[in-house]
Amino acid sequence: MHIIKLIFKNAFRHKLRTFLTILGITIAILSFGLLRTVISAWYAGVEASSATRLVSRNSISLVFSLPISYKDKIRQIEGVKIVSYGNWFGGIYIDEKNFFANYAVDPKTYFELYPEIILSPEQKDAFVRDRKAFVAGRKLIAKYGWKIGDTITLKGTIFPGNWDFVLRGIYKGRDQTVDETAFIFHWEYLNEALKKTAPLRTDQVGFYMIGVTKPSLAASVAADIDKTFKNSLAETLTETEKAFQLGFISMTEAIVIAIQLVSFVVIFIIMAVMANTMAMTARERIGEYAIFKTMGFGGWHIAGLIFGESLFITMIGCIIGIVLTFPAAKAFGTELSTYFPIFIVEDKTICLDILASFTVALVAAIFPTWRAIKIRIADGLRRIG
Amino acid sequence: MGNKSPIVEIKNLSKSYRRGNQILPVLQDITLDIAEGEFLALMGPSGSGKTTLLNLIAGIDKADKGIIKIGGVDITSLSETELAHWRAANVGFIFQFYNLIPVLTAFENVELPLLLTSLSKKDRQDHVKMALQVVNLLDRMDHYPGQLSGGQQQRVAIARAVVTDPVILVADEPTGDLDRVSATEVLQLMERLVHELGKTIIMVTHDPWATKVAHIIRHLDKGILNAHHQTDF
Ligand SMILES: Nc1ncnc2c1ncn2[C@@H]1O[C@H](COP(=O)(O)OP(=O)(O)OP(=O)(O)O)[C@@H](O)[C@H]1O
Ligand SMILES: [Mg+2]
C-alpha cells in the first residue's frame, strides 16, 4: 500500500465528478493548444525567415514599385551576394475564395536565394526553359489536383486579364516551416505581356530579395542600399526578411493579442473549475484528514494527498488534450491551409500545455491543502458522523 | 492493581472554549492517574467534556492549564510536530464511527499507521496479519469497509489502533453506533486487549454494559471529575 495508490483511489471516489473535471481539462488543453497553434501559424513566416536575407521595397508603401535597373546597383554594394526580385501578382484562380499566394520571380536567382524550396533538377530546368511555366507547392497541387503539363488560368487583379500558366514543377519545403501553397512564375513573362498592354508599368519590380554574405552584415547592407537610392525617384526601404514579415503581422496584431488573451482565459476558467473540484473533495475529507493526523501523519502527507490528487486529475486531462491536439490541428490545418499554410503543433505549445496544467493543479490544491492542514484535529474529528 | 506505577498522570488540567467574548469552561481542575494495564471508562452526560478530556490525553488538543504525563513524558510541552511523532508511537485511536478509509481494504487500513515507521514491507505485513488475527478478521483482510458490518469495521479499527503496539488506547464511544451483539463483541475484544496484551485503555462511553468490562469508572459532570469509584469486578 502506497500513497500513490491512495491518491489514485481517492481520485476516482466520485467517478462522475472526476470524469467531468477531466473532460473539462481535456477540452481546455485542446482549445489552448489549438489557439496557441493559430498564433504560431500567424508568426510562421517570421520563424521561417532567414537572417541573411533582406527585402527592399519602395519606401512609400508596398503598393509602389521599384525600377528593375536598381538590380545591378544593389549587386555592387559590398556584402551583397545575390539579388533577386519579384512582384506580388494577386491573381485569382476561378473564384475569389480560392485564395493562395502567387507571384512573379526571377527563377535563377530565386532558387539560389531560397534553398529551402526544393525542386528536382529536371523540373527546375523545365521551369527555367519555359517562359509560361509555373511551379507550385505540393499542398496547393494536392488541393486542386493539378498535374504536370496542365494549363492553369489566373485572373489578374493588379494586372488585368486572363493569364495562362503551364505547370512544370512541384516543390516541397526543406522542413515543416516552409509554405507549400505558393504559386511562382516568371517575372519576364509578366513584364513581356505588360509591354503590350501597359507599357508604363513595365520594368518595375514589387520588391528586391537580397542575400548577404553573412548575417552580421545585414544591417549595414540594408543601410547602404537605402543610402544609394536616397533622393532618387523611388527611394527604398530595406529591412531583414524577419522585420518585413513582422511588418505584415503588425497589421493584424490586435487579433493575435485577442487570441492570446482568449487562450489564457480558457486556462483561467479551468483553474476555477479544478479549484472547485478540489475544494469539494477536500471539504468532504476533512474528517479523514483528521484521522490521518491522529495517527501521526503530518501536514506534508496531507499536502501530498491533495496536491497528488489534483496533479493526477489534471495530468490525465492534459495528456488526453495533448494527444487530441494533433489530429485536431491536422483537420484544422487542412481546412484553413490557404490562410495558414503552416499549421503545426510546436513543441513549445506542448510545453505550454504541460506548464498550464501544472499551474492549474497547483493553484487548485493550495487553498484546500491550507485548510486541511490548518484545521485542528479535534474540530476535524467533530465533522464526522 | 493499585501498586502499578501510573502510565497516565494528569494534574490540575483545565480547558475552556471561547465563544465570542464569552468563556466556556469545559474541564475544570482535573487530576487523574491511570495505572498501566487498566481499563478506565469515562462516563457522563452529553457536553460534560468527555471527548475533550480524551483528546487532551491523546495529544490532539491543547489544554489551557495543567500537566499531562504519559509514560513519563509531559505532552503539554511538546510542539505540534513532536506531538504528531509522539502520537504515532504511543497512542491508538478507536472512534465511534470506525473512521476507516473507505477506498482501502481492511489490510491496507490496518497498515496505514505502520507507513510512518521504518518497518520493511515484510515486517509490516506480519504486524498487520497479527493484529487482524487478534480481532479475528484475518479472513476479511481483502474486504473494503463497505463490505463489512459495523461490528467488523470497528474490529478492523481496533486492529489499526493496536498494530503499532501503542502505550495507551483511547476510545470515544466505540460501541455507540453498534447493535447489542456487536457492541458486546467489541467490549469483550477490548477486555482481551487489556488482559492478554496488557494494554491500557481509556474509553468514553454511554453504554451501561461497558461497566461490566471496565475496571474503573469515572464520571465527568460539567467539566468536573467525580470522586473515585472502582467496579467490583
Ligand atoms: N471547538 C469548540 N468550540 C466551542 N465549544 C466547543 C468546541 N468543542 C467542544 N465544545 C463544547 O465543549 C463542551 C464539551 O464537549 P465534549 O465534546 O467534550 O462533550 P462530550 O462529553 O464528549 O459530549 P457527548 O457525550 O455529546 O459526546 C460542549 O459544551 C461543547 O459544546
Ligand atoms: Mg463526545
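Note that this is a predicted model, so its numbers are computed, not measured.

Procedures and definitions
- Residues numbered from 1 in each chain as written.
- Chains lettered and ligands numbered in written order.
- Predicted model: local features only at pLDDT ≥ 70, side-chain atom pairs only at ≥ 80, totals over all residues.
- Heavy atoms only, no water.
- Core = buried A, V, L, I, M, F, W, Y, C linked by side-chain atoms within 4.5 Å.
- Buried < 20%, exposed > 50% of the residue type's maximum accessible area, 1.4 Å probe, protein only.
- Contact = heavy atoms within 4.5 Å.
- Helix = DSSP H or I, 4+ residues; strand = E, 2+ residues; numbered from the N terminus.
- Polar contact = N/O pair within 3.5 Å; in protein donor to acceptor, adjacent residues only side chain to side chain.
- Domains from an automatic or database assignment.
- Buried area = accessible area lost by both parts, 1.4 Å probe.
- Salt bridge = Lys/Arg side-chain N within 4 Å of Asp/Glu carboxyl O.
- Nonpolar A, V, L, I, M, F, W, Y, C, P; charged D, E, K, R; others polar.
- Near = heavy atom within 4 Å.
- Areas by Shrake-Rupley, 256 points an atom, 1.4 Å probe, with all protein chains shown as cover.
- Expected span 1.5 Å × (residues − 1).
- Arc of directions from axis to C-beta.
- Phe/Tyr/Trp six-rings, centres within 6.5 Å; stacked < 30°, edge-to-face > 60°.

### Observations concerning the nonpolar core
Residues V8, I10, I30, I168 and I202 of chain B are the most contacted members of the largest nonpolar core, which totals 85 residues. I10 of chain B has contacts with I30, T31, L32, D33, L53, I57, I67 and I68 of chain B, leaving out every residue within four places of it along the chain. Judged by nonpolar contacts, the second largest core, of 42 residues, contains F100, W163, Y189 and V221 of chain A.

### Concerning the side chain of H186 of chain A
All names here are of chain A. Summarising the element assignment, H186 is placed in strand β9 (residues 183–186). Side-chain polar atoms of H186 contact the backbone oxygen of F127, separated by 2.7 Å. A distance of 3.1 Å separates a polar side-chain atom of H186 from the backbone oxygen of D130.

### Points about the domain arrangement of chain A
Residues and elements named next belong to chain A. We note that the domain assignment places domain 1 (2–44 + 252–381) and domain 2 (60–234) within chain A. Here domain 1 and domain 2 have C-alpha centroids that lie 48 Å from each other. Facing the 5 residues of domain 1 at the interface are 8 residues of domain 2. For the domain 1 face of the interface with domain 2, the top three residues by lost area are T338, P341 and I342, together amounting to 63%. There are 0 salt bridges connecting domain 1 and domain 2. Summed over the shared surface of domain 1 and domain 2, the result is 0 residue pairs in polar contact (both at pLDDT 80 or more). Its residues placed into classes, the side of domain 1 that touches domain 2 shows 3 nonpolar, 2 polar and no charged.

### Overview of the site of ligand 1
Neighbouring ligand 1 are 15 residues; R382 of chain A together with S46, K50, T51 and T52 of chain B lie closest to it. In the environment of ligand 1, an oxygen atom lies 2.8 Å from a nitrogen or oxygen atom belonging to the side chain of R382 of chain A. G49 of chain B places a main-chain nitrogen or oxygen 3.0 Å from an oxygen atom of ligand 1. Within the complex, the protein chains bury 74% of what would otherwise be the 640 Å² of accessible surface of ligand 1. If you list the elements that add at least two residues to the shell around ligand 1, you get α15 (377–382) of chain A together with β1 (6–19) and α1 (50–57) of chain B.

### Things to note about helix α6 (residues 180–197) of chain B
Residues and elements named next belong to chain B. Compared with an ideal rise of 1.5 Å per residue, which puts 18 residues at 26 Å, α6 spans 25 Å between its outermost C-alpha atoms and is within 8% of the ideal. Where α6 is concerned, the buried positions are S182, A183, V186, L187, L189, M190, L193 and V194. Buried residues of α6, seen end-on, are gathered within an arc of 155° and therefore sit on one face of the element. Residues of α6 that are exposed and point more than 90 degrees away from the buried face comprise V181 and E196. Sitting at the head of α6, D179 places a side-chain oxygen 3.0 Å from the backbone nitrogen of V181. Of the residues trailing α6, G198 is marked for its positive phi of about 70°.

### What about the environment of S263 of chain A?
All names here are of chain A. Considering the arrangement of structural elements, one finds S263 in helix α11 (residues 253–284). With 232 residues separating them along the chain, S263 and S31 place their C-alpha atoms 7.4 Å apart. Beyond its immediate stretch of four places on either side in the chain, S263 contacts F32, L35 and R36.

### Digging into the packing of aromatic side chains
Residue and element names in this part refer to chain A. Within the structure shown, the criterion is met by 37 aromatic pairs over all chains. On the numbers, 5.9 Å between centres and 40° between planes, the contact of F340 with F343 is tilted. On the basis of relative accessible area, F340 is assigned to the buried category, the value being 15%. Taken together through their ring pairs, the aromatic side chains of F89, Y93, F100, F134, Y144, W146, F159, W163, F165, F183, F185 and Y189 make up a single cluster.

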